[in-house]
Amino acid sequence: MTPRRTLIIGGGIVGLATACRLGERFPAESITLLEKETGLGRHQTGHNSGVLHCGLYYKPGSLKARLAVSGIRQMVAFCRENGIPHEICGKLVVAATESEVPALRGLEERGRANGLEGLRWLGPAEMREIEPHVGGVAALRVPQEGIVDYAAVCAAMAARLAARGVKVVTGARVTRLRRSPGGWLAETPAGVFEADFAINCAGLHSDRVSELAGERREVRVVPFRGEYYKIRPERQHLVRNLIYPVPDPQFPFLGVHFTRLIHGGIEAGPNAVLAFAREGYRKRDFNPRDLFDALSYGGLWRFLRRYPSMCWYELRRSFSRKLFCRSLQRLVPEIQPSDLAQGGSGVRAQVISPAGEIVQDFQLIPRPHALHVLNTPSPAATASLAIGAEIAAMLPEG
Ligand SMILES: Cc1cc2nc3c(=O)[nH]c(=O)nc-3n(C[C@H](O)[C@H](O)[C@H](O)COP(=O)(O)OP(=O)(O)OC[C@H]3O[C@@H](n4cnc5c(N)ncnc54)[C@H](O)[C@@H]3O)c2cc1C
């Protein structure tokens, strides 16, 4: 029997990790990974916060919770095996006022339900032993969380794939997927690729790639830009590691926070602003196709009607350093607008349902001869190897 030929579309961390885990489960499989850019990990993967999330926030029993908890273990093991810079520094989730304490208690329960060990409830004095400049009335210490260099993770995954003979083709945007008798023909500027099975890991474009494969686009990816500030070097002593707010349970984003970077420096952010382009890293970026796609989707309008004040607030905060700083002062009261220097940004691929709900869980959708990874927002970088293993387990024997 000839080995199955599998095509992975998308060379972000999820596509790369899927190729690694697939190769381990099916050593004879012939795997080709197609990436539209000239390099790997140029979109969500290359623009994230570099945090190793351990599964604190996610609904117990959800795919996200399960894959986050096992994902961080797999990612840390991968980093150790490959000498990738990472550090399990732990984080504090801070209740800024008494009114946030019940939600923080809820988060503690959720973390325990997800199997996290070592969570510690801290009062003001204990919090300040860990982060001397933190404000607030109580905090949850999460010891398992850490920081990592995801670019180095991707490079190590790519090296592993090359050693195994996986073909990684860059500059290969899949523009058409045609059915062939046993599978697919994928058309790209780098040539036509034939495969028995296709795995769509196209991140910000995953809904479009699923449509190329003949699926109805029932849900849509909506881009949310996350903007960062860098803390000026002379004020970096205000933050030792990771300081997070209590998130709004209605919303999938964690709220602006402080992150120490693995190669030095402290970042603040990201916010979550509706973007006018799926790869719109600057405020003025605008893509007519993406905008039309968003505005012609009833789900987005329902989302805007559900959360008008939050969307408006995020937009205002995006243009106001003072407002951004006010959110940060809830965590570290001494921080001032003048301590913040412009940083980078990333765009999240967030699926919104036709009813206008943020789709919280990861969506891995099996189809004949195909599997679509439709919603892998944070913490999918941390969980990428677990997602890859899950996908490999969903594939029939070749
Ligand atoms: C601001 C921000 C902060 C985040 N912080 C964290 C964090 O600290 N920790 C964490 O775990 N997660 C974090 N995340 C989430 C994490 O980065 C993503 O979940 C993860 O990178 C998703 O990886 P991916 O491979 O699915 O997507 P991507 O990295 O976007 O990769 C998809 C790839 O598909 C390619 N592609 C698209 N269309 C085609 C096509 N037609 N043909 C060929 N190729 C195509 C794209 O070019 C791209 O390279 C953050 C995300 C953002 C945006």
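In this text the structure is predicted, and so the values were computed from the model without any measurement. Every residue gets a number counted from 1 within its own chain, in the order that chain's sequence is written. Reporting in this predicted model follows two pLDDT cut-offs: at least 70 for local features of residues, and 80 or more for side-chain atom pairs to be given and counted; totals over whole chains, interfaces and linings ignore these cut-offs and use all residues.

A. Up close: the overall build of the protein chain. Secondary structure summary: the protein chain contains eleven helices and 21 strands in total. Each principal axis of the C-alpha atoms in the protein chain carries an extent, and together these give about 65 × 45 × 35 Å. Elements are defined by DSSP. Helices are runs of H or I of four residues or more, strands are runs of E of two residues or more, and each kind is numbered from the N terminus.

B. Structural view of the site of the ligand. A residue counts as near a molecule or strand when its C-beta atom, positioned from the backbone, falls within 6 Å of it. With respect to spatial proximity, 42 residues lie near the ligand, and among them Gly10, Gly12, Gly203, Gly346 and Ala380 are the closest. For the shell around the ligand, the secondary-structure elements that each account for two or more residues are helix H1 (13-25) and strand S19 (340-352).

C. Spatial organisation of the packing of helix H2 (residues 63-82) against helix H11 (residues 384-394). Axes here refer to lines fitted to C-alpha atoms; in helices the fit is confined to the stretch in contact. Angles between the N-to-C directions go from 0 to 180 degrees. Their axes nearest at 6 Å, the elements H2 and H11 cross at an angle of 110 degrees. In terms of axis orientation, H2 runs roughly perpendicular to H11. Facing H2, whose interface residues are Leu67, Ser70, Gly71, Gln74, Met75 and Phe78, H11 presents Ser384, Leu385, Ala386, Ile387 and Glu390. Each residue is assigned to one of three groups, with Ala, Val, Leu, Ile, Met, Phe, Trp, Tyr, Cys and Pro labelled nonpolar, Asp, Glu, Lys and Arg labelled charged, and all others, Gly among them, labelled polar. Residue composition of the contact of H2 with H11, grouped by class: six nonpolar, four polar and one charged. Should an angle lie under 35 degrees it is considered roughly parallel, over 145 roughly antiparallel, and from 65 to 115 roughly perpendicular; all remaining angles are considered oblique. Contacts here follow a simple rule: the backbone-placed C-beta atoms of the two residues must lie within 7 Å.

D. Representation of the sheet that holds strand S3 (residues 51-52). Strand order in the open sheet made by the three strands is S3-S8-S4, with antiparallel pairing throughout. Where the open sheet ends on each side, the last strands, each with one partner, are S3 and strand S4 (86-87). When S3 meets strand S8 (residues 146-148), the two strands line up antiparallel, connected through two bridges. Paired with Val51 across the strands is Ile147, a residue of S8. Two strands qualify as a pair provided DSSP detects at least 2 bridges between them.

E. The arrangement of the environment of Gly343 in detail. Within the fold, Gly343 resides in strand S19. Between the C-alpha atoms of Gly343 and Tyr228, which are 115 residues apart in sequence, the distance is 4.9 Å. Ignoring anything within four residues of it in the chain, the contact list for Gly343 reads Tyr228, Tyr229, Lys230, Glu267 and Gly269.

F. Focus on helix H3 (residues 101-113). Between the first and last residue of a helix there are one fewer steps than residues, each counted as 1.5 Å, and that sum is the expected span. The end-to-end C-alpha separation of H3 is 18 Å, in line with the 18 Å expected for 13 residues at 1.5 Å each. Within the span of H3, buried status applies to Leu104, Leu107 and Gly111. Projected onto a plane normal to the axis of H3, the buried residues spread over an arc of 50 degrees and lie on a single side. Exposed and facing more than 90 degrees away from the buried side of H3 are Pro102, Gly106 and Glu109. In the core, the buried residues of H3 are packed alongside strand S5 (91-95) and strand S7 (138-142). Looking one or two residues beyond H3, the residue adopting positive phi is Gly115, at roughly 90 degrees. With C-beta atoms placed from the backbone, the exposure class of a residue follows from how many other C-beta atoms lie within 10 Å of its own: 20 or more, buried; 12 or fewer, exposed; in between, partly exposed. This arc is taken over the directions from the axis of the helix to the C-beta atoms.

G. The sheet that holds strand S12 (residues 191-195), seen in detail. Taken together, the three strands give an open sheet; going across it, the order is S10-S11-S12, and neighbouring strands pair in antiparallel fashion. The open sheet has two edge strands with one neighbour each: strand S10 (176-180) and S12. Sheet twist, expressed as the mean angle between neighbouring strand axes with direction ignored, is 20 degrees.

H. Structural view of the packing of H1 against helix H5 (residues 150-164). Look at H1 against H5: their axes get within 10 Å of each other, and the N-to-C directions meet at 35 degrees. Regarding H1 and H5, the two cross each other, and that crossing is left-handed. From H1, Ile13, Leu16, Ala17, Ala19, Cys20 and Gly23 reach across to H5, where they touch Tyr150, Val153, Cys154, Met157, Ala158, Arg160, Leu161 and Arg164. Tallied by class, the residues present in the contact of H1 with H5 amount to eleven nonpolar, one polar and two charged. What makes a crossing left-handed is the near helix being turned counterclockwise from the far one by less than a right angle; a clockwise turn instead makes it right-handed.

I. Structural view of the domain arrangement of the protein chain. Once the domains are mapped, the protein chain shows domain 1 (5-47 + 151-219 + 361-394), domain 2 (91-143) and domain 3 (220-358). An automatic or database domain assignment supplies the residue ranges for each domain. If you average the C-alpha positions of domain 1 and of domain 2, the two centres end up 38 Å apart.

J. Looking closely at the nonpolar core. In this structure, Ile9, Val93, Val94, Ala198 and Ile243 are the most contacted members of the largest nonpolar core, which totals 119 residues. In this structure Ile9 touches Leu34, Val174, Ala198, Ile199, Asn200, Cys201, Ala202 and Val209, once residues within four positions along its chain are discounted. For this analysis, nonpolar core means a set of buried Ala, Val, Leu, Ile, Met, Phe, Trp, Tyr and Cys residues linked through C-beta atoms within 7 Å.

K. Region of the structure containing unusual backbone geometry. Cis geometry is adopted by the peptide bond preceding Pro270, which originates at Gly269 and carries an omega value of -10 degrees. Of note, Pro270 is situated in the loop between strand S17 (266-269) and strand S18 (273-274). Following Ser378, the chain continues to Pro379 via a peptide bond in cis, the omega torsion being 10 degrees. Mapped onto the fold, Pro379 is located in the loop between strand S21 (370-375) and H11. Positive phi values are uncommon outside glycine, yet His369 reaches one of about 65 degrees. Along the chain, His369 falls in the loop between strand S20 (363-367) and S21. Judged by the 15 C-beta atoms lying within 10 Å of it, His369 is partly exposed.

L. Fine view of the pairing of S5. Counting buried residues in S5 gives five out of five residues, a clear majority hidden from the surface. Side chains of S5 alternate between two faces, with Lys91, Val93 and Ala95 and Leu92 and Val94 buried alike. Note that S5 and S7 share five bridges and pair antiparallel. Bridged to Lys91 within S7 is Val142. By the bridge criterion, four bridges tie S5 to strand S15 (residues 242-245) in an arrangement that is parallel. Residue pairing in the sheet places Leu92 in a bridge with Ile243 of S15.

M. Molecular detail of the environment of Glu314. Structurally, Glu314 can be placed in helix H9 (residues 308-319). Sequence spacing of Glu314 and Ala272 is 42 residues, and the spatial spacing of their C-alpha atoms is 6.4 Å. Not counting chain neighbours up to four residues away, the residues in contact with Glu314 comprise Asn271, Ala272 and Val273.

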